[in-house]
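Listed below, chain by chain, are the residues.
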Amino acid sequence: MVLGLNYADRAAIGVAAPYIISEFGFSETAFGWILSIFALSYAPFGFLGGWAADRFGPRKAMGWAALAWSVFTAATAAGAGLVSFLVIRILFGAAEGPQATVTAKLMNTWFPKRELGTAVGVANAATPLGGAVGTPIVVAVIEATDGNWRVPFVIFGVIGVLFTVGWFAVVRDTPERHPWVRPAELREIRGAETGKDTEDGTSAVGQESGAGGGSAEQGSAALPGMWHYVARPVIWATALAYFGYAWILNVFLTWFPTYLVSERGIDLDQLAVAGAIPWIGGCVGMIAGGVATDWLVRRLGAAATVRRWTIVVCLILTALLFGCIALVGSAGEAVALMAVIVFLLYFTGAQYWTVVAEEVPGPRYGSVAGVVQFIAGCAGFLAPLVTGVVVEHARSWTTAFAIAVVITVSGALLLAVAGRARTVRESAR
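Sequence order as written defines residue numbering, which begins from 1 separately in each chain. Per-residue local features are limited, in this predicted model, to residues with pLDDT of at least 70; the limit for side-chain atom pairs, both in listing and counting, is 80 or more; totals at the level of whole chains, interfaces and linings are taken over all residues. Side-chain numbers come from the whole structure's heavy atoms, not from hydrogens or water.

Draft legend 1. Structural view of the overall build of the chain. The helix and strand labels rest on DSSP assignments: H or I over at least four residues marks a helix, E over at least two residues marks a strand, and numbering proceeds from the N terminus. Secondary structure summary: the chain contains 19 helices and 0 strands in total. In the chain, buried positions account for 60% of the 429 residues. Three labels apply to residues, based on accessible area from a 1.4 Å probe with only protein chains included: buried if under 20% of the type maximum, exposed if over 50%, partly exposed otherwise in between.

Draft legend 2. Summary view of the pattern of salt bridges. Salt bridge, as used here: a side-chain nitrogen of Lys or Arg that lies within 4 Å of a carboxyl oxygen of Asp or Glu. All told, the structure shown has 6 salt bridges when counted by the stated rule. Put simply, D54 and K105 hold a salt bridge, and the shortest N to O gap is 2.8 Å. A residue pair is termed long-range when its members are at least 10 positions apart, and D54 in helix α2 (residues 28–56) and K105 in helix α5 (residues 99–110) qualify at 51 residues. There is no split in this pair, since D54 and K105 are both buried. Where R307 meets D294, a salt bridge forms, and the shortest distance between an N and an O atom there is 2.9 Å. You can see R307 sitting in helix α14 (residues 303–322) and its partner D294 sitting in helix α13 (residues 277–300), a full 13 residues away along the chain. On the basis of relative accessible area, D294 is assigned to the buried category, the value being 1%.

Draft legend 3. Inspection of unusual backbone geometry at higher detail. Backbone geometry at D146 places phi at a positive 55°, although glycine is not the residue there. Relative to the assigned elements, D146 resides in the loop between α7 (126–144) and α8 (150–170). For D146, a relative accessible area of 77% translates into the label exposed. For R395, which is not glycine, the phi dihedral falls at a positive 50°. Mapped onto the elements of the fold, R395 is located in the loop between α17 (362–394) and α18 (397–418). Owing to a relative accessible area of 60%, R395 belongs among the exposed residues under this scheme.

Draft legend 4. Representation of the confidence of the model for the chain within the structure. One confidence number per residue, pLDDT, is output by the predictor and ranges from 0 to 100. The predicted model of the chain averages 83 in pLDDT, with 88% of residues at 70 or higher. Across the chain, the element-wise mean pLDDT spans from 49 in helix α19 (residues 420–428) up to 94 in α18. Residue contacts are counted whenever heavy atoms from the two residues lie within 4.5 Å of one another. Note on residues 194–218: pLDDT is under 50 here. Beyond four places in sequence and across chains, it has 68 contacts. Within the model, pLDDT remains below 50 along residues 423–429, and this stretch shows 10 contacts once partners closer than five positions in the same chain are excluded.

Draft legend 5. Region of interest: a nonpolar patch on the surface. Put simply, a patch holds well-exposed residues, over 30% relative accessible area, that have no salt bridge, with like charges counted together within 9 Å and Val, Leu, Ile, Met, Phe, Trp or Tyr side chains within 5 Å. Accessible areas in this description were obtained via Shrake-Rupley with a 1.4 Å probe; residue shielding takes into account the shown protein chains only. Taken together, the side chains of L82, V83, V87 and L91 make up a nonpolar region of the molecular surface, amounting to roughly 330 Å² of accessible area. With respect to the element layout, V87 can be found in helix α4 (residues 82–96). Accessibility expressed as a relative area gives 44% for V87, which makes it partly exposed.

Draft legend 6. How the structure looks around the environment of R264. On the secondary structure map, R264 appears in the loop between α11 (233–262) and α12 (268–274). R264 gets classed as buried once you look at its relative accessible area, which sits at 18%. As a C-alpha pair, R264 and G329 span 65 residues in sequence and 9.6 Å in three-dimensional space. If near-sequence neighbours (up to four positions away) are discounted, R264 is found in contact with Y259, I325, A326, L327, V328, G329, S330, A331 and A334. In this structure the side chain of R264 is engaged in a polar contact, spanning 3.0 Å, whose partner is the side chain of Y259. Counted as a polar contact is a pair of N or O atoms within 3.5 Å, where, for protein atoms, one must be capable of donating a hydrogen and the other of accepting one, and residues adjacent in sequence contribute only when both atoms are in side chains.

Draft legend 7. Structural context of the nonpolar core. Among buried residues, those of type Ala, Val, Leu, Ile, Met, Phe, Trp, Tyr and Cys that are joined through side-chain atoms within 4.5 Å constitute a nonpolar core. With 121 residues, the main nonpolar core has F31, Y245 and F322 as its most contacted residues. Beyond its immediate stretch of four places on either side in the chain, F322 contacts I248, V251, M338, I341, F401, A404 and V405.

Draft legend 8. A look at α2. The span you would expect from a helix comes to 1.5 Å times its residue count less one. Helix length check: α2, at 29 residues, gives a terminal C-alpha distance of 41 Å against a target of 42 Å (1.5 Å per residue), a fit within 8%. Bend, in this description, refers to the angle at a residue between axes fitted to the seven residues ending there and the seven starting there. Along its length, α2 reaches its greatest deviation from straightness, about 30°, at L35.

Draft legend 9. Representation of α14 within the structure. Taking 1.5 Å of rise per residue, the 20 residues of α14 would be expected to cover 28 Å, and the 28 Å separating its terminal C-alpha atoms lies within 8% of that figure. Across the 20 residues that make up α14, a large majority, 14, are buried.

Draft legend 10. Region of the structure containing the packing of α5 against α17. Lines are fitted to the C-alpha atoms to define the axes, a helix being fitted only along its stretch in contact, and any angle between axes, read from their N-to-C directions, falls within 0 to 180 degrees. It is at 9 Å that the axes of α5 and α17 come closest, and there the two elements cross at 150°. Put simply, α5 runs roughly antiparallel to α17. In the crossing of α5 with α17, the sense of the turn from one axis to the other is right-handed. Together, A100, T101, A104, K105 and N108 of α5 and G362, Y365, G366, A369, G370 and Q373 of α17 make up the contact between the two elements. Gly is placed with the polar residues, together with every amino acid not listed as nonpolar (Ala, Val, Leu, Ile, Met, Phe, Trp, Tyr, Cys and Pro) or charged (Asp, Glu, Lys and Arg). Among the residues making up the contact of α5 with α17, the classes are represented as 4 nonpolar, 6 polar and 1 charged. Geometric relationships in this document are graded by angle, where less than 35 degrees denotes roughly parallel, more than 145 denotes roughly antiparallel, 65 to 115 denotes roughly perpendicular, and other angles denote oblique. Handedness of a crossing follows from how the near helix is turned relative to the far one, being left-handed for an anticlockwise turn of less than a right angle and right-handed for a clockwise one.

Draft legend 11. Quick look at the environment of A276. Looking at the secondary structure, you find A276 in the loop between α12 and α13. Measuring from C-alpha to C-alpha, the distance between A276 and L129 comes to 8.9 Å, with 147 residues separating the pair along the chain. If near-sequence neighbours (up to four positions away) are discounted, A276 is found in contact with A132, T135, P136 and L271.

Draft legend 12. Quick peek at the packing of α14 against helix α16 (residues 351–359). Here α14 crosses α16 at 150°, and the two axes come no closer than 9 Å. When the axis of α14 is compared with that of α16, the two are roughly antiparallel. The element α14 and its partner α16 pack so that their crossing is left-handed. For the pair formed by α14 and α16, the contact residues are A303, A304, R307, R308, T310, I311 and L315 on the first element and Q351, Y352, T354, V355 and E358 on the second. Taken together, the residues of the contact of α14 with α16 break down into 6 nonpolar, 3 polar and 3 charged.

Draft legend 13. Spotlight on the side chain of T135. As for its placement among the helices and strands, T135 is situated in helix α7. In contact with T135, other than residues within four places in its own chain, are A11, V15, L271, A272, G275, A276 and W279.

Draft legend 14. Focus on the environment of P224. Its place among the elements puts P224 in the loop between α9 (183–196) and α10 (226–230). Using a relative accessible area of 32% as the deciding quantity, one classes P224 as partly exposed. Sequence separation between P224 and P361 is 137 residues, and the spatial gap between their C-alpha atoms is 9.8 Å. Those residues in contact with P224 that lie beyond four places of it in its chain are Y229 and R364.

Have a look at this one:
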């Protein structure tokens, strides 16, 4: 629920964009800065969130972050010009930064590796679901208040504070600390982490020092430092592939509603549906990707190879289809194609974190995942800004989409090449 609210908050700025641009007379470049400045703090706080989850536990890291981003969501309604929007958005980005890495840490702590893809997929499916639900809500509230774009931000902020209270009441850092976990469940989780499910694709790394993420961080002092794992080709290549994923996601998240309104002539009523449909595809894709890859790992073994090639193939397909958005004949075709694109994009969504889990022991997982998130988060800054500049000065959505294609395909191909060493190690076992 917290992740769903996170993306509802983030989607609100994209839906409200035409109204904000109209009220303040922002150019595409100026509004691109407003959208991008979010990621200037989001990226480093993604790393800090992973470190905080390792150091203080994911319950505290996520809880305080959720409270902060809810406050800054509501504060967006106080935007009165370029500078105030920039300040609010950079604070909002810092607050939301930890959510992805903290979620990955929590899932890695609570689930055995054979179920990790499904767990991460189901948990993160709340993010596109938040966009799917949040988009029509924002539209409905704006319509009900005669075009007042500020009201949805206040509503989401208040809801976020309430959800934060629920988070602290229900969530615990580990299964051992939760009163609702039965002994049999705990044995299943911890038994999987000791290497009993290697036939299901659990890596040898996962058998070192509780890499499945469950047991208290025993033996962490004896492990190599964070950068030892970050330097592995599979890790930094995964980060660059995730950068491509984040580029397309952020262009969709921030500019697609404006594209539909300005280029495709969609009105507010149509935007409520058209803006939500691709998010539904993303929700289905996130769950399906986690379930499908876990099934393939159980059938085929070689977990890292299965998960890596899922990213490579789906990212390339996503990029090629994304390049066709500006070429289709109607708004309906553009929305339908975007739904397929977001489905394929989110099909890979859980895999970046599971690839990292195959390489990194639990006590280092949050920090390494934070580095991956930081690199991907840089796309959150660059993608909206570059898109705004290209659209304003080149007057070409096609060019903006083509840039996304090149970046995303490059990351996918790099992961395909860099993962060969990992495949050799798997084959040697």
